[in-house]
Amino acid sequence: ATWFRAEHSHHKAHLVSVRTDEGAGWTISLHPLSGSEAHTLAVSVFDNGNSTPAHQLTVSGCVLIPRNWYHVAIRHTRSRLKGVFSLSTRQQLVLLLDGKVMVNQALPFPRVEQSEIGSKLLSRATSVSQAHSRLNLEIESAVGLEGQTGSLYIF
């Protein structure tokens, strides 16, 4: 979760990017809307070794006006239920903008592959139960952003 304010710009900027050494992870981006100085939000999921997103979700109906402060929060969860009870909510993304739910839909976790742990989802690879595996994460904030951000909270 973070606060941000974007200036006038006509290019894409990354608010937050969390990636492994091999490139798996996710990014929250500001995408310019055509014909205006406003932006919208997009969430991209990258699998191991890919520079193009495996999944991308653009928030429809979200128009971010330049020079206004916004608070964005993301909750990406994996159901702990087994079987048919969890089919519709296995991997769920909720994006909140100023406390209002803008997106609530299924979005897979990034695929992470390491020789020690094999092909895993990012949520499982960072689990405490994986005592012998290491996963280096690179966290970037405000890449290409003309504006300001507040503190970034990841938990």
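For the structure itself, look to the data block above.
Quick caveat, the model's predicted, so the values are computed rather than measured.

Novice: How do you make sense of the overall build of the chain when you look at a structure like this?
Specialist: Broken down by element type, the chain carries 1 helix and 12 strands. Its helices and strands in sequence order give the chain the pattern β-β-β-β-β-β-β-β-β-β-α-β-β, from N to C terminus. Relative to its 155 residues, the chain shows a buried fraction of 41%. For the chain, contacts bridging at least 24 residues in sequence account for 51% of all contacts bridging at least 6. Summed over all atoms, the accessible surface of the chain reaches about 8,900 Å², with 50% contributed by carbon and sulfur.

Novice: Can you walk me through the packing of aromatic side chains in this structure?
Specialist: A ring pair, where both rings are aromatic, is described by two values, the distance of the centres and the angle of the planes. For the structure shown, the criterion picks out 1 aromatic pair. The ring of Phe46 has Arg19 sitting right over it, with the charged end atom 3.8 Å from the ring centre.

Novice: Teacher, can you tell me more about the sheet that holds strand S12 (residues 147-149) here?
Specialist: Hydrogen bonds between backbone atoms are what pair the strands of a sheet, whose relative direction is either parallel or antiparallel. With respect to topology, 5 strands assemble into an open sheet ordered S8-S7-S6-S1-S12, the strand pairing being antiparallel. One side of each edge strand has no neighbouring strand; the edge strands of this open sheet are strand S8 (100-106) and S12. Averaged over neighbouring strand pairs, the angle between their axes works out to 20° when direction is ignored. Note: strand S6 (residues 69-78) against strand S7 (residues 91-97), 7 bridges, orientation antiparallel. Bridge assignment links Val72 to a residue of S7, and that residue is Leu97.

Novice: What is the right way to read a nonpolar patch on the surface from this model?
Specialist: Residues Leu137, Ile139 and Ile154 make up a contiguous nonpolar surface patch of about 260 Å² in total accessible area. Looking at where Leu137 falls in the secondary structure, it is placed in strand S11 (residues 137-143). Residue Leu137 is classed as partly exposed on the basis of its relative accessible area of 40%.

Novice: Got a minute to help me understand the environment of Lys12 in this structure?
Specialist: Looking at where Lys12 falls in the secondary structure, it is placed in the loop between strand S1 (2-6) and strand S2 (13-20). Along the primary structure Lys12 and Leu30 are separated by 18 residues, whereas in three dimensions their C-alpha atoms are 5.6 Å apart.

Novice: Even after reading the chapter, I still don't get the sheet that holds S2, so can you show me in this structure?
Specialist: Read across the open sheet, the 5 strands follow the order S5-S4-S3-S2-S11; overall the sheet is antiparallel. Across the chains shown, the open sheet's two edge strands, defined by having one partner strand only, are strand S5 (55-58) and S11. When the angles between neighbouring strand axes are averaged without regard to direction, this sheet yields 15°. Direction of pairing for S2 relative to strand S3 (residues 25-32): antiparallel, over a ladder of 6 bridges. What sits directly across from Val18, in S3, is Trp26.

Rules of the game
Residues numbered from 1 in each chain as written. Predicted model: local features only at pLDDT ≥ 70, side-chain atom pairs only at ≥ 80, totals over all residues. Heavy atoms only, no water. Helix = DSSP H or I, 4+ residues; strand = E, 2+ residues; numbered from the N terminus. Buried < 20%, exposed > 50% of the residue type's maximum accessible area, 1.4 Å probe, protein only. Contact = heavy atoms within 4.5 Å. Areas by Shrake-Rupley, 256 points an atom, 1.4 Å probe, with all protein chains shown as cover. Phe/Tyr/Trp six-rings, centres within 6.5 Å; stacked < 30°, edge-to-face > 60°. Lys NZ or Arg CZ within 6 Å of the ring centre and 35° of its normal. Pairing = 2+ DSSP bridges. Axes fitted to C-alpha atoms, helices over the stretch in contact; angles between N-to-C directions. Patch = residues over 30% accessible without salt bridge, like charges linked within 9 Å, V, L, I, M, F, W, Y side chains within 5 Å. Salt bridge = Lys/Arg side-chain N within 4 Å of Asp/Glu carboxyl O.

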